[in-house]
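Listed here are the chains, written in short residue letters.
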Amino acid sequence: MEHQAKKGLNLPPGWHYDEDTGTLMRDVIHRMGRRCRNWDYSNKADYLITIVLEERSSPILGRLVGDSPETATIELSPLGMKIQEHIFRISEYVPEIEIIGVRIMPEHIHFIVAVKRQMSRPLGAVLRGFKGGASKIYWEWAGLSVGASRRKPLFAAGYVDNILHDEESVANAVKYMDDNPRRLWEKRAHPELFRVLRDLEIPIDSTIGHFEAIGNEYLLKEPTIFQVQCSRRYFEYRRSADGRIDVNAAPMICTAEYIEKRDAYLESAKHGAVLISPCLSHGEKEIVRLAFEAGHKVIALCNKGFSSLYKPGGKLFDKCAAGNLLLLAPAAWPYVPGEKKITRADACVLNRIAQWLARNGAIEINYHGREAENIDDLARRATKRPMGG
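It should be emphasised that the depicted structure is a prediction, and the values quoted were computed from it without experimental measurement. (Residues numbered from 1 in each chain as written. Predicted model: local features only at pLDDT ≥ 70, side-chain atom pairs only at ≥ 80, totals over all residues. Heavy atoms only, no water.)

### Concerning the overall build of the protein
Part 1 of the argument: Looking only at helices and strands, the protein features eleven helices and 16 strands.
Part 2 of the argument: Counting all 389 residues of the protein, 48% fall into the buried class.
Part 3 of the argument: Put simply, 66% of the contacts in the protein that link residues at least 6 apart link residues at least 24 apart.
Part 4 of the argument: Total accessible area on the protein stands at roughly 20200 Å², and carbon and sulfur atoms take up 50% of it. (Helix = DSSP H or I, 4+ residues; strand = E, 2+ residues; numbered from the N terminus. Buried < 20%, exposed > 50% of the residue type's maximum accessible area, 1.4 Å probe, protein only. Contact = heavy atoms within 4.5 Å. Areas by Shrake-Rupley, 256 points an atom, 1.4 Å probe, with all protein chains shown as cover.)

### With respect to the packing of aromatic side chains
Part 1 of the argument: Across all of its chains, the model carries six aromatic pairs by this definition.
Part 2 of the argument: Through a chain of ring-to-ring contacts, three or more aromatic side chains come together here, namely F111, F130 and F155. (Phe/Tyr/Trp six-rings, centres within 6.5 Å; stacked < 30°, edge-to-face > 60°.)

### A short note on the packing of helix α5 (residues 167-178) against helix α6 (residues 180-189)
Part 1 of the argument: One way to put it is that α5 packs onto α6 with a least axis distance of 4 Å and a crossing angle of 40°. If you check the angle between α5 and α6, you find them oblique. Counted together, Y176, M177 and D178 of α5 and N180, P181 and R183 of α6 form the full contact between these two elements.
Part 2 of the argument: Class assignment for the residues of the contact of α5 with α6 results in three nonpolar, one polar and two charged. (Axes fitted to C-alpha atoms, helices over the stretch in contact; angles between N-to-C directions. Parallel < 35°, antiparallel > 145°, perpendicular 65-115°, else oblique. Nonpolar A, V, L, I, M, F, W, Y, C, P; charged D, E, K, R; others polar.)

### Structural notes on the side chain of S68
Part 1 of the argument: Summarising the element assignment, S68 is placed in the loop between β4 (62-65) and β5 (73-76).
Part 2 of the argument: You can call S68 buried: its relative accessible area is 16%.

### Notes on the sheet that holds strand β15 (residues 297-301)
Part 1 of the argument: Pairing within the open sheet is mixed, and its six strands lie in the order β9-β10-β16-β15-β14-β11. In this open sheet, the two edge strands, each paired with only one partner strand, are β9 (197-204) and β11 (225-227). Taking the axes of each pair of neighbouring strands and ignoring which way they run, one obtains an average angle of 30° across the sheet.
Part 2 of the argument: Sheet topology places β11 next to strand β14 (residues 274-277); three bridges connect them, and they run parallel. The residue bridging I225 from the neighbouring strand is V274, located in β14.
Part 3 of the argument: The strands that helix α10 (residues 344-358) touches are β9, β10 (207-215), β11, β14, β15 and β16 (325-330); relative to β11, the one it contacts most, it runs at about 155°. (Pairing = 2+ DSSP bridges.)

### Here we look at the pairing of β4
The side chains of a regular strand alternate between the sheet's two faces.
Part 1 of the argument: Burial of β4 is one-sided: the residues G62 and L64 facing one way are buried, the residues R63 and V65 facing the other way are not.
Part 2 of the argument: Pairing of β4 with β5 involves four bridges; the strand directions are antiparallel. Pairing of G62 across the sheet is with L76, part of β5.

### Considering helix α4 (residues 123-142)
Part 1 of the argument: For α4, spanning 20 residues, the distance from its first C-alpha to its last is 28 Å, which sits close to the expected 28 Å at 1.5 Å a residue.
Part 2 of the argument: Looking one or two places after α4, you find G143, whose phi comes out positive at around 70°. (Expected span 1.5 Å × (residues − 1).)

### Topic: the packing of α10 against helix α11 (residues 372-382)
Part 1 of the argument: As a packed pair, α10 and α11 sit with axes 9 Å apart at the nearest point and diverge in direction by 85°. On the basis of the axis angle, α10 is roughly perpendicular to α11. Listed contacts from α11 to C348, V349, R352, I353 and W356 of α10 are I375, D376, L378, A379, R380 and A382.
Part 2 of the argument: Taken together, the residues of the contact of α10 with α11 break down into eight nonpolar, no polar and three charged.

### Focus on the pattern of salt bridges
Part 1 of the argument: Enumeration over the complete set of coordinates arrives at 16 salt bridges.
Part 2 of the argument: The partner of E201 in a salt bridge is R385, and the shortest N-O contact between them spans 2.9 Å. Here the residue E201 occupies a position in strand β9, and R385 occupies one in the segment after α11, the gap between them amounting to 184 residues.
Part 3 of the argument: Linking R381 and D377 is a salt bridge whose minimum nitrogen-to-oxygen distance equals 3.1 Å. Here R381 pairs with D377, and both are found in helix α11, just four residues apart, close to one helical turn.
Part 4 of the argument: Judged by its relative accessible area of 53%, R381 is exposed.
Part 5 of the argument: In the salt-bridge network here, residues are joined through shared partners; they are D179, R182, E186 and D318. (Salt bridge = Lys/Arg side-chain N within 4 Å of Asp/Glu carboxyl O.)

### Side note on the nonpolar core
Part 1 of the argument: Core analysis: the biggest nonpolar cluster contains 36 residues, and I83, I97 and F111 have the highest contact counts within it.
Part 2 of the argument: When residues of this core are traced back to their parent elements, those giving at least two are β3 (45-52), α2 (78-88), β6 (97-104), β7 (108-115) and α4.
Part 3 of the argument: Element by element, the count of residues in this core is highest for α4, at eight residues.
Part 4 of the argument: If we skip the residues at most four places from it in the chain, I97 touches I90, S91, V113, A114, V115, K116, M119, L123 and V126.
Part 5 of the argument: Y234, Y258, A269 and A291 belong to the second largest nonpolar core, which has 28 residues in total. (Core = buried A, V, L, I, M, F, W, Y, C linked by side-chain atoms within 4.5 Å.)

Structure, rendered in structure tokens:
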């Protein structure tokens, strides 16, 4: 399954291959009960495990220290040290398991589990035993006697598992764990950049549009915003035996027209322009990727809203912390678990919204037979405040 994931083939529903961490990941990682379908959790494999406190508002496992992102680290509390020791004792009770990395954060924990050979019970049963023991350590630390009414479990129900398919993905998972203190420092230093805005009002098309957003909303006030839109006609793609374009594969040839367009966008961004795009086509994704690498500013339009615990992952996190990213979703397109397949109508709406927000930096788009009035109507509906909002 891991090799299929890398090729984008036959992934279980609700899962995707993450290029940044090199792991199979669920689309909604904060839902602690979701599991990979058709996967035997007693098999030999490596996993990145994440477990959160029952009371996340009480970060009792440690505290963030350091006066910069580079010096940020977690100073464990006495309870945090006991839980860290408890994690490493898993191997004493389950000899098929080796713990090869641990990161204790104030209100959650990460550790990497290597299942070295087939187990007699699934990983979930092992983790339930670990959590039960952790709760006993917590109760003893808190001085809660047996039968005390305030005795709650230390950790929330369930856990998140990311399957690590090779040594490279294990190394990436270790880097991710080690980077957690820096990421926490950035979030605390710039909370406004990581807060989900549920009703951001933006003037569009002589009215007010409503959006969900995360990131630097002030990018919308920049004097120059250029819309990035690249048609597939700028590329030559592989075709199947019946002549269909393989739109998921990288194009075989980029035309000179595309290269000229790409370089013009990046040159404008270099001189302070903000690029805005739904990042639908290969060309749009490539231009935005190169803009990110160069430290330029981007507004990315999304086809669904954000969960309450959402935060940008991977490379997007650093772009958000630097103030170079704004993610926008039409308010009438709420969050849904998993990947939301984008329709042609959705793509037209996002491109129309990009035209409105880009103002003088908008480009003309051929909507291929769809009436402009109909596109405008759909876009206005998508940016209306939802009922009860």
